[in-house]
Amino acid sequence: MNWDDTGPDTDERLDERLVDAGADGEDTAVEAALRPKDLDEFVGQEKVREQLDLVLKAALARGATADHVLLSGAPGLGKTTLSMIIAAEMGAPIRITSGPAIQHAGDLAAILSSLQEGEVLFLDEIHRMSRPAEEMLYMAMEDFRVDVIVGKGPGATAIPLELPPFTLVGATTRAGLLPPPLRDRFGFTGHMEFYAPAELERVIHRSARLLDVAIDAEGAAEIAGRSRGTPRIANRLLRRVRDYAQVKADGRIDRGVASAALGVYEVDGRGLDRLDRAVLGALLKLFGGGPVGLSTLAVAVGEERETVEEVAEPFLVREGLLARTPRGRVATPAAWAHLGLVPPQYGGKGQQGLFGA
């Protein structure tokens, strides 16, 4: 709802995880029905909403197209939803594409040349666009013009093509990979933050109404606490808990039903799933809390190195359960407490020397 480059093996594993913030086929279908239609209905991201509201209202008052917008942040926080809201607020159509789909400047030229005046072009994962297309986009964003090259070699000719004014909305999970000339051409940049539990509870209550699911405040709080600060995950967990409630309970979701359902799906009270706990368990039980190298840790849990580094570690680091150090991965005191384990009572190398536990 309110919404890295990985290899094939990682993508396949991501599809199996209930707490993955990426969208699968089911998410895409359900999110279309759950997406808010305007800024007032959008939950969370207060600063971004307030700033964006000013940008759009000012553009409407001038009778002009809105400035180009760059939205950055982790998957599942609402970037796609906000792009659709921008188009709706401006009363303009929206065209959706992605950086990986634009591998040649000609691909981008074909899209830009077919835009209508005032249309919103949403470019997801903009940092993955090819360099020739990026360079063409500079001129299109600034001057609403592109040069189409006809022919090859010394006989090649650049034909200027005027474009109607449009609004580009770029979304990226890795803003640091955007070249400065491209970043500088966006009139408004908004960074999407992870949601607080109270905000996720509002998202869950709203989605439950739309899905015709009976849920009380404690049930919503239980799901929100396991949603990793991400609305997409909250909505996915809500649907799985709904299934459990329909089969195992009376269809109504309370704290007990939510807890039991998410226990079946192996999502614990802090949002960790099987893979997360396997990484922490190996780090604590096999290596005494670390430090241990990434490759060794991956072998210990039977996963690919990239899966551990790109799928499990970001959330564990954000939760303060794991630290990346020059000597290797190290568990924090919070990791020992979360798994109910007692850290070794000795000094020297490892976790105790780094954290004093």
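Caption draft 1: How the structure looks around the overall build of the chain. Counting its regular elements, the chain contains 16 helices and eleven strands. Counting over 357 residues, the chain shows a buried share of 47%. Counting only carbon and sulfur atoms, one obtains 52% of the accessible surface of the chain, whose full area is about 16,000 Å².

Caption draft 2: Molecular detail of unusual backbone geometry. Positive phi is not limited to glycine here, since Gln 45 has a value of about 55°. By secondary structure assignment, the location of Gln 45 is in the loop between α2 (25–34) and α3 (46–62).

Caption draft 3: Focus on the side chain of Arg 240. Considering the arrangement of structural elements, one finds Arg 240 in helix α10 (residues 231–248). At 3.0 Å, the side chain of Arg 240 and the side chain of Asp 243 are in polar contact.

Caption draft 4: Molecular detail of the pattern of salt bridges. Evaluated as defined, the whole model comprises 17 salt bridges. One salt bridge connects Arg 49 with Glu 46, and the closest N-O pair in it is separated by 2.6 Å. Within this pair, Arg 49 and its partner Glu 46 are both found in helix α3, separated by three residues, close to a single helical turn. Accessibility expressed as a relative area gives 41% for Glu 46, which makes it partly exposed. When salt bridges with common partners are traced through the structure, they connect Glu 218, Glu 222, Arg 226 and Arg 255 into a single cluster.

Caption draft 5: Structural detail: helix α9 (residues 217–224). Within the span of α9, buried status applies to Gly 219, Ala 220, Glu 222, Ile 223 and Ala 224. Next to the buried residues of α9 lie α8 (197–211), β8 (214–215), α10, β9 (252–253) and α11 (255–264). Capping of α9 at its N-terminal end is provided by Asp 216; its side-chain oxygen lies 3.3 Å from the backbone amide nitrogen of Glu 218.

Caption draft 6: Looking closely at the packing of aromatic side chains. In the structure shown here, the tally under the stated rule is one aromatic pair. Taking the centre distance of 5.5 Å and the plane angle of 80° together, the rings of Phe 144 and Phe 166 count as edge-to-face. You can see Phe 144 sitting in the loop between α6 (131–143) and β4 (145–150) and its partner Phe 166 sitting in the loop between β5 (157–162) and β6 (167–172), a full 22 residues away along the chain. Under the relative-accessibility criterion, Phe 166 is labelled buried at 1%.

Caption draft 7: The environment of Met 84, seen in detail. You can see Met 84 is positioned in helix α4 (residues 79–90). Separated by 85 residues in sequence, Met 84 and Val 169 have C-alpha atoms that sit 9.6 Å apart. Those residues within four positions of Met 84 in sequence are excluded, and the remaining contacts are Arg 35, Ile 94 and Ile 96.

Caption draft 8: Spatial organisation of the nonpolar core. Membership of the largest hydrophobic core comes to 47 residues, with the highest contact counts inside it found for Leu 82, Ile 204, Ile 215, Ile 223, Val 241 and Ile 253. Of the residues forming this core, the biggest block, six residues, is contributed by α10. With 24 residues, the next largest nonpolar core counts Met 136, Leu 137, Val 146 and Phe 186 among its residues.

Caption draft 9: Summary view of the confidence of the model for the chain. For the chain, the average pLDDT comes to 83, and 86% of its residues sit at 70 or higher. Contacts of residues 1–15 to residues separated by more than four positions or lying in other chains number 50 contacts, the stretch itself having pLDDT below 50. The low-confidence segment residues 348–357 (pLDDT under 50) makes 27 contacts with residues lying over four places distant or belonging to another chain.

Caption draft 10: Representation of the environment of Asp 268 in the model. As for its position among the elements, Asp 268 is in the loop between α11 and α12 (274–285). Overall, Asp 268 belongs to the buried group, its relative accessible area being 15%. A distance of 3.0 Å separates the side chain of Asp 268 from the backbone nitrogen of Arg 270, its partner in a polar contact. Within polar-contact distance, the side chain of Asp 268 engages the side chain of His 338 at 2.8 Å.

Caption draft 11: Spatial organisation of the sheet that holds β6. Spatial ordering of the open sheet is given by β2-β3-β6-β1-β7, a layout of five strands whose pairing is parallel. The two strands at the open ends of the sheet, each matched to only one other strand, are β2 (94–98) and β7 (188–191). Going across the sheet, the axis of each strand differs from the next one's by a mean of 15°, ignoring polarity. Relative to β6, strand β3 (residues 120–124) runs parallel, the two being bridged by four bridges. Within β6, the position partnered with Phe 122 by the bridge is Val 169. Contacting β1 (69–72) and β7, α3 runs over the sheet at an angle of about 160° to β7.

Calculation notes
Residues numbered from 1 in each chain as written. Predicted model: local features only at pLDDT ≥ 70, side-chain atom pairs only at ≥ 80, totals over all residues. Heavy atoms only, no water. Helix = DSSP H or I, 4+ residues; strand = E, 2+ residues; numbered from the N terminus. Buried < 20%, exposed > 50% of the residue type's maximum accessible area, 1.4 Å probe, protein only. Areas by Shrake-Rupley, 256 points an atom, 1.4 Å probe, with all protein chains shown as cover. Polar contact = N/O pair within 3.5 Å; in protein donor to acceptor, adjacent residues only side chain to side chain. Salt bridge = Lys/Arg side-chain N within 4 Å of Asp/Glu carboxyl O. Contact = heavy atoms within 4.5 Å. Phe/Tyr/Trp six-rings, centres within 6.5 Å; stacked < 30°, edge-to-face > 60°. Core = buried A, V, L, I, M, F, W, Y, C linked by side-chain atoms within 4.5 Å. pLDDT = per-residue confidence, 0-100. Pairing = 2+ DSSP bridges. Axes fitted to C-alpha atoms, helices over the stretch in contact; angles between N-to-C directions.

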